[in-house]
Amino acid sequence: MKKNLGILGLFLVVFIATAFANPDFVNAYNLENLIRRASLYGIIGIGVSLVIITSGIDLSIGSMIGLVGTMLPYLLIEHGASLFTGLLAVVVLSACIGLIHGLLITRLKLQPFVVTLCGLLIYRGSARWMTGDSVQGFKGSYDSLRYLAIGKIPLGNIPGIGEFNLPVPFLLMIGLAIVAAIFLNKTIYGRYLLALGRNEQAARYSGINTDRMVVLAYMLCSLVAGFGGILFALDSNSIQPDNFGSFYELYAIAAAVLGGCSLRGGQGSIFGVVIGAAILPLLRNSINLLGMPTTLEFAIIGVVILAGVIVDEVVKRMAAKRRAALAARQALGG
Amino acid sequence: MPDRPQNTFCILHQLRNRLRPSMTDSPQHPLLEVRDVTKGFPGVIALSRVNLTLGHSEVLALIGENGAGKSTLMKILAGVQEPDSGQLLIDGNPVRIDSVQSAFDHGVALIHQELNLSDNLDVGANIFLGREPKKNGLIDKAKIREDSRDLLARVGLNVSPDTIVERLPIGQQQLVEIARALSVNARVLIMDEPTSSLSAHEAETLFKVVNDLRSKGVSIIYISHRLSEVRELADRVTVFRDGENAGDLGRDEISHDRMVQLMVGRDVSQFYVRKPHSPGEVVLEVKDLVTPANPGHKLNFAIRAGEIVGVAGLVGAGRTETLQVLFGVEPAVAGTIEVSGKTIQIKSPIDAIQAGLALVPEDRKLQGLVLEMAVRTNVGLAGLKRNQKKLGFLNSPQEGACTTEMISKLRIKTPNEQQVVQYLSGGNQQKVVLGKWLSLNPKVLLLDEPTRGIDVGAKQEIYRLMEELAEQGMAILFVSSEMEEILGMSDHTLVMHEGRITGKLSREEISEEAVMQLATGNVREESVA
């Protein structure tokens, strides 16, 4: 929790500053949208954090979302597949993709960056080819399914905000976060991932089947990305095969890294990832509401995140220095 | 750690006496003087008002247990760290060494234990790294080549400056590093555990270079845990203990016992605690085992319960590889492994652990521990699966209890069980590795260089523990490059040479000479079936 104070601070600063600068920020409609986006990013961020903890990376998430997001409506609407078949197909596909990533990385010792970069290209190309590059959607049907992404649970009138409805994806994200946090911190498998992410050899010498755990991490990541793809598709209902989900891998990775996952592996907290994932849509929202040019959006997001990371690092160093000086003084005194 | 025949030292001794320059022209001031230097780190005071003097053309050995402050002082001299207080003098003049560059300017160069070479570059590029001679703004390769040849000749290394460093054996890489130090006209060469990864032959070459440098006016501060080396090489010995000066020994006072006594601050007469005892059933039996590293030889041996079997040999004899095959890190090519009379297939460490084997590996930082994790996590790591609760949930109370037990049983010095392992001393880290395995209660304990890089006190505790475990009926197979350890601890000794077992020596038969004979390939026909 202490490790996540920096990111939590950044989140609060941006949140409060925006709220003061533009009262529209805290109206119910805006907050609902923000929470929904943050939750969807949070979901894919949680997935990729499992891979990052093994000191790996998954660059294919955006294209996975594109592929799953086009494939589901394509199967359901254009091919009239049953809901069960459609969902089963995309879930199995996601799992298989993760399995293949994992096997290539553990058996052939290919670098995760290379494997998933190729995945990024392959899945995007497949999605466009499969649909003939035409826009996909659910055409007004499957409303009960779409409830998962766009549904809202009324919470009544909240003073200062108005009639507030809690977006359903928030509950899904919280559910996933709780399961992931328990998996990571309370089960032997989470411990395995953390240990092998830090020192694969030591983990193997301790009788851990490290290859199997790495494959599992990639499968979970792809499954979660597939799940995210379904939600994003249900949310948008207008899915362009050529760009749906593109860049989302970077949002997911940014969320994980902002949330305290080290790209060197062995470190990460699910709570941090959830906050990290919320920062991106929050910044976007702020830029809009504060009347800044939207063309600057990426630049501003980049600068704010970089500044946050720098401050975090500087504070950490100062604290370490202070501790060192204090300890040295005590040692000398004693 | 290479085993070294005693006679090597005799030769070196004569060589050194021949090469040693006359000391009559020694200048007034010592070359280097350290006065009252103090340095603190978080939670510890690494150096407390230490003094050290290095004369001209002198080899000064600096010894002490881990954590005695040797490395800290060397880092201060090399400009990596600055002292909190105290003075450094060169030729009697106070100097400030606040960067590696200023250390170079004062003629001080440090050769790290882990070499600092860019092994993807060639020898010449490494020697002049950061100080490349230039011509028209570009690197002057011809000059690098030419100057490198001279420097390589000075350290007796006969390779082309164009050789890529990673293609050189480790001993030659070290000579490259020495050549680099000479290229900045170092007058003080600091060598931190220079022989820790060298073979016997490479170490000999190094000693010759050291003697040669001394005869040419370079002074050397030689840090080593290997007292036999110190005894033969050093003109003087300075001993640190707990960040303070513990004593100095002149050439004639240097002896193993005196050094150990100063290092640990007490008399260590009963260093090895091995008692003879009667072994039980055969626990581990290896038949015609072929390792991937040495596919041409078959290994046969057996260990009984309560027996400590040492494996001696030179570096490259295939000892570590044998343990790794037994533990499933590298699966065997052929042959059978029996544990308690049952043939088992060992394809991975998982199989080995299942069968009741445990391995304390050679490199504890790389293979033994997850350094960034807590003592408790490391102790619990191998037992996670065995102790898991339903659905794979961690068994935290059990892990905690087990860690507490190991901390007290092995006397691991740690503030608490949550302490991150990398902040522990080498000896305590090794105990954490041991604790990880002992918590599983293995039948066979495989130890690969169990006391490498740990201080004398911790060594003794590990020996005591080995004895204790053997008494309780554990079978222990340990690889060691320290002759004294082999002689002191083993009930039986297997000696290996180039991938095969050249002899088995009982406690009655064993002697340093007998081990060296076998380790260098003189097979005793009667003992090898």
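What comes next is a walk through the structure. Model, not experiment: these values are computed from the prediction. (Residues numbered from 1 in each chain as written. Chains lettered and ligands numbered in written order. Predicted model: local features only at pLDDT ≥ 70, side-chain atom pairs only at ≥ 80, totals over all residues. Heavy atoms only, no water.)

## So, the interface of chain B and chain A
Definition in use: For this analysis, residues touch if any pair of their heavy atoms sits within 4.5 Å. Buried area is a sum: the accessible area each of two parts loses on coming together, probed at 1.4 Å, counted once for each and added. Any Lys or Arg side-chain nitrogen located within 4 Å of an Asp or Glu carboxyl oxygen qualifies as a salt bridge. Whenever two N or O atoms come within 3.5 Å, that pair is a polar contact, provided that in protein one can donate a hydrogen and the other can accept it, and provided that, for residues adjacent in sequence, both atoms are side-chain atoms. The helix count covers DSSP runs of H or I at least four residues long, the strand count covers runs of E at least two residues long, and both are numbered beginning at the N terminus.
Chain B puts 37 residues into the contact, and the matching count from chain A is 25 residues. Roughly 2,500 Å² is buried in total at the junction of chain B and chain A, and carbon and sulfur atoms are behind 67% of that figure. On the chain B side of the interface with chain A, the three residues burying the most area are Gln367, Leu381 and Leu394 of chain B, jointly 19% of the side's total. There are one salt bridge connecting chain B and chain A. Here glutamate 399 of chain B and arginine 191 of chain A are joined by a salt bridge, their closest N and O atoms 3.0 Å apart. Counting across the chain B and chain A interface gives nine residue pairs in polar contact (both at pLDDT 80 or more). The element that contributes the greatest number of residues to the side of chain B that touches chain A is helix α12 (residues 364-368) of chain B, accounting for four residues.

## Remarks on the packing of aromatic side chains
Here a ring pair, both rings aromatic, is described through the centre-centre distance and the interplanar angle of the planes. All names here are of chain A. Inclusion rule: The pairing test for Phe, Tyr and Trp rings, Trp by its six-membered ring, is centres within 6.5 Å, and the orientation test on the planes gives stacked under 30 degrees, edge-to-face over 60, and tilted for anything in between. Exposed residues in this analysis have more than 50% of their type's maximum accessible area, buried residues have under 20%, and partly exposed residues fall in between, with area computed by a 1.4 Å probe over protein chains only.
The final tally for this structure, using the stated rule, is eleven aromatic pairs over all chains. Considering the side-chain rings of phenylalanine 247 and phenylalanine 298, the 5.9 Å spacing of their centres and the 45° angle between planes classify their relative orientation as tilted. One end of the pair, phenylalanine 247, is in the loop between α10 (210-236) and α11 (248-258); the other, phenylalanine 298, is in helix α13 (residues 297-333), with 51 residues separating them in the sequence. Since its relative accessible area comes to 45%, phenylalanine 247 is described here as partly exposed. Put simply, the rings of Tyr41, Phe232, Tyr248 and Tyr251 pair up and form one aromatic cluster.

## Focus on helix α7 (residues 168-186) of chain A
Keep this limit in mind: Any helix carries an expected span of 1.5 Å times its number of residues minus one.
For α7 of chain A, which comprises 19 residues, the first-to-last C-alpha distance of 27 Å matches the rise-based estimate of 27 Å (1.5 Å per residue) to within 8%. Within α7 of chain A the residues assigned to the buried category are Val168, Pro169, Met173, Ala177, Ala180, Phe183 and Leu184 of chain A.

## Remarks on the state of the cysteines
All names here are of chain A. Just so we agree on the cut-off: Any cysteine sulfur atom paired with another within 2.5 Å is treated as part of a disulfide.
Enumeration according to the criterion identifies zero disulfides over all chains in this entry. Sulfur of cysteine 96: no disulfide; nearest cysteine sulfur belongs to cysteine 221 and is 15 Å away. A relative accessible area of 37% means that cysteine 96 is categorised as partly exposed. Summary of cysteine pairing: cysteine 261 is not part of a disulfide, and the nearest cysteine sulfur, belonging to cysteine 221, is at 11 Å. Looking at cysteine 261, the relative accessible area reads 4%, which means it is buried.

## Here's the deal with the packing of helix α3 (residues 61-78) of chain A against α11 of chain A
Residue and element names in this part refer to chain A. The condition is simple: In this analysis an axis means a line fitted to C-alpha atoms, helices contributing only their contacting stretch, and an angle means the value between N-to-C directions, from 0 to 180 degrees. For classification purposes, angles smaller than 35 degrees are called roughly parallel, those larger than 145 roughly antiparallel, those between 65 and 115 roughly perpendicular, and all remaining angles oblique. For this scheme, ten residues count as nonpolar: Ala, Val, Leu, Ile, Met, Phe, Trp, Tyr, Cys and Pro. Four count as charged, namely Asp, Glu, Lys and Arg, and the remainder, Gly too, count as polar.
At a minimum axis separation of 6 Å, α3 and α11 run at an interaxial angle of 130°. By the angle class used here, α3 and α11 are oblique. Taken together, the residues of α11 that come into contact with α3 (itself represented by Ile61, Gly62, Ser63 and Ile65) are Tyr248, Glu249 and Ala252. For the contact of α3 with α11, the per-class residue count stands at four nonpolar, two polar and one charged.

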